[in-house]
Amino acid sequence: MQLNQRKAAIIGCGFVGSATAFCLMQSGLFSEIVLQDVDKDKAEGEAMDITHGTPFAGRMKIYAGNYNDMMDAAVIIITAGANQKEGETRLDLVKKNKKIFEEIIPEISNRDYEGILLIVSNPVDILTYTAIKISGFEENRVIGSGTVLDSARFRYLLGEHLDVDSRSVQAFIIGEHGDSEIAAWSSVNVSGIPVNDFCEMRGHYDHEEAMKAIADNVKESAYKIIKRKKATYYGIAMSVKRICEVILKDEKAILPVSTMMHGAHGIEDIVLSMPAIVGKNGIETQVPIELNEEEERKLKQSARILKQMIGIKKRGC
């Protein structure tokens, strides 16, 4: 089937799916968006509500549909899944959402879909791995949103700390999008200037304390937001918009997306969030990132944790 490069589909119309649809409507990237949810009324209601704002944004078709309606979409965005409840372990969440994906992914792969799958549901690295294995699709066109949002938080906090535009900060959170994520300080720079040198330019000399405080703040951001408003959705919606933009415009931008590991850093057969060149065909290649010995150790530990959660026998890390 010929893909419509100006069409997207969103599976799951909860907070994240709905915020993503609204963000994409405003972006002008797409002229058609299909919404799908197990609760069809919810999908229809969201489509109606967002559609009523199109006179302020531009002509666009937004509607509730089914799997057949989305097979010519350039990108299918999956946000469906259960949220972690109080008292529930991360392993419980993995089991529930893997089961949901075991229902969703065959509906797509059995229809010979040829576009990009963008996984947003959590735990995103594990569910991207699950989607790759179930679908049988080429790994380059199954992308997880990874640590794109975490890295944006990292850059924002560094920008605030240094009183500089965060767009001038180059910084990545890598590994798991979750509790074992790593702030890759070894590669952080501000317009090419190593971060510690730039800090001293701005009058900051207690590097270790500042680095720990900023990294902890990034890791705890989602928990802080959830405590206050029960869910996070605007930041991830803007992250999804950015990933879609990079794909549709073939920007070949470097983003820390969820991608399969094949030996880099001694890690194999697990999906981690790592810098990669992203374009119209999805992931082109991973990008080497400079890590110190401690960061390497933490990255391998992150991979081991994910493998344990998904039930993969130890291999490659």
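Before any of the text, the structure's been laid out above.
Now for a description of the structure that goes with this document.

The rules behind each value
- Residues numbered from 1 in each chain as written.
- Predicted model: local features only at pLDDT ≥ 70, side-chain atom pairs only at ≥ 80, totals over all residues.
- Heavy atoms only, no water.
- Helix = DSSP H or I, 4+ residues; strand = E, 2+ residues; numbered from the N terminus.
- Contact = heavy atoms within 4.5 Å.
- Polar contact = N/O pair within 3.5 Å; in protein donor to acceptor, adjacent residues only side chain to side chain.
- Salt bridge = Lys/Arg side-chain N within 4 Å of Asp/Glu carboxyl O.
- Buried < 20%, exposed > 50% of the residue type's maximum accessible area, 1.4 Å probe, protein only.
- Core = buried A, V, L, I, M, F, W, Y, C linked by side-chain atoms within 4.5 Å.
- Axes fitted to C-alpha atoms, helices over the stretch in contact; angles between N-to-C directions.
- Parallel < 35°, antiparallel > 145°, perpendicular 65-115°, else oblique.
- Left-handed = near helix turned anticlockwise from the far one by under 90°.
- Nonpolar A, V, L, I, M, F, W, Y, C, P; charged D, E, K, R; others polar.

### Re the environment of Thr20
- Secondary-structure assignment places Thr20 in helix α1 (residues 15-27).
- Taking C-alpha positions, Thr20 is 9.0 Å from Ser239, a pair spaced 219 residues apart along the chain.
- Ignoring any residue separated from it by four or fewer positions in sequence, one finds Thr20 in contact with Ile10, Ile77, Ala237 and Val240.
- Within the structure, Thr20 has its side chain in polar contact with the backbone oxygen of Val16 (distance 2.8 Å).

### Focus: the pattern of salt bridges
- Applying the stated criterion across every chain yields a total of 15 salt bridges.
- Salt-bridge contacts for Lys7 lead to Glu32; the nearest nitrogen and oxygen are separated by 3.5 Å. Residue Lys7 is located in strand β1 (residues 4-11), and its partner Glu32 is located in strand β2 (residues 32-36); the two are separated by 25 residues in the primary sequence. There is no split in this pair, since Lys7 and Glu32 are both buried.
- Residue Asp250 pairs with Lys252 through a salt bridge whose shortest N-O separation is 3.4 Å.
- Taking relative accessible area as the criterion, Asp250 reaches 24% and is therefore assigned partly exposed.
- Note on Lys252: relative accessible area 42%, which makes it partly exposed.
- Taken together, the shared-partner salt bridges connect Arg242, Glu245, Lys249 and Glu251 into one network.

### Describing the nonpolar core
- Judged by nonpolar contacts, the single largest core of 45 residues is most densely connected at Ile11, Ile76, Ile78, Ile108, Ile174, Ile270 and Leu272.
- Contributing elements (two or more residues each) for this core: β1, β4 (73-78), α3 (90-109), β5 (116-119), α4 (124-135), β12 (253-262), β13 (268-279) and α9 (293-310).
- With six residues, α4 is the single largest residue contributor to this core.
- Non-local contacts of Ile174, meaning those with residues more than four positions away in its chain, are made with Thr147, Glu181, Ile182, Ala184, Ser273, Met274, Pro275, Ile289, Leu291 and Leu299.
- Core analysis: the second largest hydrophobic core is formed by 36 residues, Ala43, Val257, Val278 and Ile283 among them.

### Things to note about the packing of α1 against helix α8 (residues 234-248)
- Where α1 contacts α8, the two axes come as close as 8 Å, and the packing angle between them is 50°. When the interaxial angle is binned, α1 and α8 end up oblique. Judged by the sense of rotation from one axis to the other, the crossing of α1 with α8 is right-handed. Mapping the contact onto sequence places Val16, Ala19, Thr20, Cys23, Leu24 and Ser27 in α1 and Ile236, Ala237, Met238, Val240, Lys241 and Cys244 in α8.
- In terms of residue class, the contact of α1 with α8 is built from nine nonpolar, two polar and one charged.

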